[in-house]
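# Chains, contacts and geometry: an overview
One-letter residues, chain by chain:
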Amino acid sequence: MSIEKQSIHGQWSSRWIFILAATGSAVGLGNIWKFPYIAGENGGGAFVLVYLGCVALIGIPVMMAEILMGRRGRQSPINTMAYLADTEKTSRLWIGLGWMGVLAGFLILSYYSVIAGWAMAYVFRSASGAFVGQNAQQIGDMFAAFIGSPEKLLVWHSLFMLATMVVVARGVKEGLEKAVVSLMPLLFILLAVLIGYALSSGAFAEGFNFLFAADFGKVFYLCESVNGVETCRFTFGPILTAMGHAFFTLSLGMGAIMVYGSYMPKNVSIARATFWIAGADTLVALMAGLAIFPIVFANHLEPAAGPGLIFTTLPIAFGQMVGGRFFGSLFFILLVFAAWTSSISLIEPAVAWLVENRGLSRLRASMVAGIATWAVGILTIMSFSDWAFSFHFLGQKKSDGLFDVLDILTANIMLPLGGLLIAVYAGWVASRKLSRDELAMGDGPAYRLWYFVVRYISPLAVMVVLLNALGVFDSWLS
Ligand code: TRP
């Protein structure tokens, strides 16, 4: 007999609402802002293929594990791990996994909110007609001037954090469910419109090939020209980035999906929900890529332009197309909403814990967590202007200072580590009964396949990539 608990924070109204909420968490800046720019920085096709492989072999099984642990524990990740430690008779050290998740969510949100602020600002730019008739150079200059103005970034970052705090304070169902139901489908349609524009840009084939034609030489070798001499060396850096992004885009490895799972009704199939979420998330990312890269090539822009990529490409399209002011504003509005439904999940584990263990009201808890995150976000803002510096890290050259440090620390290290621990917990540490009961797919081939992958394939893959990127195997490879 399985023990059925209820969450004190409420429950999703139905299966679809869970899927929508989790998709809302997954689909966000990661798909539309981050995926295209890191694909651009890492040479396109081969990187995309590695990313898709990571979603299938690591993302999907780990997501099922994370949801099932959350649904059994029915609390914030920290208390869920404590509950599992008791009921599954496992070490209380596993509670540390919950803590690492809260910390990762907090760090991610601190910069996530800054970028969401850029999107907010761009709603108004588009509406005011600032992009109309501007060429690629002018759009690029506009962006550079914008991110070099810390005071502007601060205003938008503050507004976005406030918006996040308001929804989180109102609780899981009220604010969140409504936003997701209507906005996600709209975002989808708008991306299709943008792909339509990209088709007419004259460089669709080039964009398509960049995204889907795999050239593995580019992924495994890091080339740099020093004093005019090009030197290349073997690197695992981009593979780590692809894997880290699979975690990031699916909201895995820090308890966000665990806490969403804890609000999930018992009668929902975890496997089916996971396929929907991962499928929709991947589709949106690929659509964003198909909308953006043709514009990049048609305008002779640099695919490796970095975090500014969508802000320096899509406005060109909006400036030229019929109804571009309207479509541009709508696009950035939807992007803000997509970021909003994601940011909520980044802070929910911390808020749920503050309510459970510190006895705060949801309002107070949201304020405490939100203000702390807001303050850390200021460091990211500074890093886009005065504090930028360049450095080498895990086989890649980085140059946005603190923003990059935070991004690499969270997406490339903390999330994969969290995912590894989740897979190990569900596959090795917890009883087999736990996963069999929660997944409720019987003991047939589907369950066994999952169990095998989560025990062997996912943890090994994460470990190999992490250790490689950290240079552990360097001496063997050179
Ligand atoms: N997945 C979201 C995106 O792609 C970001 C996000 C939300 C996230 N919750 C998360 C990332 C939890 C990692 C962990 O934009």
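Before any of the text, the structure's been laid out above.
The shown structure was predicted, so the numbers you read here are calculated from the model rather than taken from an experiment.

### Considerations on the site of the ligand
Among the 17 residues in the neighbourhood of the ligand, the closest are listed as Ala26, Gly30, Tyr112, Phe248 and Ser345. The side chain of Asn31 places a nitrogen or oxygen atom 3.4 Å from an oxygen atom of the ligand. The separation between a nitrogen atom of the ligand and a polar main-chain atom of Thr249 is 3.2 Å. Coverage of the ligand by the protein amounts to 100% of the 360 Å² it exposes when considered alone.

### Side note on the nonpolar core
Judged by nonpolar contacts, the single largest core of 171 residues is most densely connected at Phe18, Trp118, Phe331, Phe332 and Trp450. Here this core gets 19 residues from one element, more than from any other, and that element is helix H5 (residues 95-127). Apart from residues lying up to four places away in sequence, Phe332 is in contact with Ala119, Tyr122, Val123, Phe131, Phe311, Pro315 and Phe318.

### Section: helix H19 (residues 445-469)
Given a rise of 1.5 Å per residue, 25 residues ought to cover 36 Å, and the 34 Å separating the end C-alpha atoms of H19 matches this to within 8%. Largest kink in H19: about 40°, centred on Val453. One or two positions beyond H19, positive phi appears at Gly471, with a value near 90°.

### Thoughts on the pattern of salt bridges
All told, the structure shown has nine salt bridges when counted by the stated rule. A salt bridge links Lys266 to Glu438; its shortest N-O distance comes to 2.9 Å. In this pair, Lys266 is assigned in the loop between helix H12 (256-261) and helix H13 (270-298) and Glu438 in helix H18 (residues 432-439), connecting sequence segments 172 residues apart. According to the relative accessible area criterion, Glu438 is buried, its value standing at 1%. A salt bridge links Arg362 to Glu348; the nearest nitrogen and oxygen atoms lie 2.7 Å apart. Note that Arg362 is positioned in helix H16 (residues 362-383) and Glu348 in helix H15 (residues 324-358), a separation of 14 residues in sequence. The network of salt bridges with common partners includes Arg71, Arg72, Lys266 and Glu438.

### Structural notes on a nonpolar patch on the surface
Among the surface-exposed residues, Leu57, Trp428, Phe452, Tyr456, Ile457, Leu460, Met463, Leu467 and Leu470 lie close enough to one another that they form a single nonpolar patch of about 820 Å² accessible area. At six residues, the largest contribution of residues to the nonpolar patch is made by H19. Turning to its location among the elements, Ile457 is positioned in helix H19. Residue class for Ile457 comes out partly exposed when judged on its relative accessible area of 31%.

### Here's the deal with the packing of helix H3 (residues 45-73) against H13
The axes of two packed helices give the description: the angle between them and the distance between them. Following both chains from N to C, one finds H3 and H13 inclined at 145°, their axes separated by 10 Å at the closest point. For H3 against H13, the interelement crossing comes out right-handed. Counted together, Val48, Tyr51, Leu52, Val55, Ile60, Met63, Met64, Ile67, Leu68 and Arg71 of H3 and Ile270, Ala271, Thr274, Phe275, Ile277, Ala278, Asp281, Thr282, Ala285 and Leu286 of H13 form the full contact between these two elements. Partitioning the contact of H3 with H13 into residue classes produces 16 nonpolar, two polar and two charged.

### Here we look at the side chain of Asp407
Mapped onto the secondary structure, Asp407 falls in helix H17 (residues 402-429). Under the relative-accessibility criterion, Asp407 is labelled buried at 7%. Within the structure, the side chain of Asp407 is placed 2.9 Å from the side chain of Lys34, a separation counted as a polar contact. In this structure, Asp407 is in contact with Lys34, Tyr37, Tyr111 and Asn412, ignoring residues within four places of it in sequence.

What counts, and where the lines are drawn
Residues numbered from 1 in each chain as written. Predicted model: local features only at pLDDT ≥ 70, side-chain atom pairs only at ≥ 80, totals over all residues. Heavy atoms only, no water. Near = heavy atom within 4 Å. Polar contact = N/O pair within 3.5 Å; in protein donor to acceptor, adjacent residues only side chain to side chain. Areas by Shrake-Rupley, 256 points an atom, 1.4 Å probe, with all protein chains shown as cover. Core = buried A, V, L, I, M, F, W, Y, C linked by side-chain atoms within 4.5 Å. Buried < 20%, exposed > 50% of the residue type's maximum accessible area, 1.4 Å probe, protein only. Helix = DSSP H or I, 4+ residues; strand = E, 2+ residues; numbered from the N terminus. Contact = heavy atoms within 4.5 Å. Expected span 1.5 Å × (residues − 1). Bend = angle between axes of the 7 residues up to and from the residue. Salt bridge = Lys/Arg side-chain N within 4 Å of Asp/Glu carboxyl O. Patch = residues over 30% accessible without salt bridge, like charges linked within 9 Å, V, L, I, M, F, W, Y side chains within 5 Å. Axes fitted to C-alpha atoms, helices over the stretch in contact; angles between N-to-C directions. Left-handed = near helix turned anticlockwise from the far one by under 90°. Nonpolar A, V, L, I, M, F, W, Y, C, P; charged D, E, K, R; others polar.

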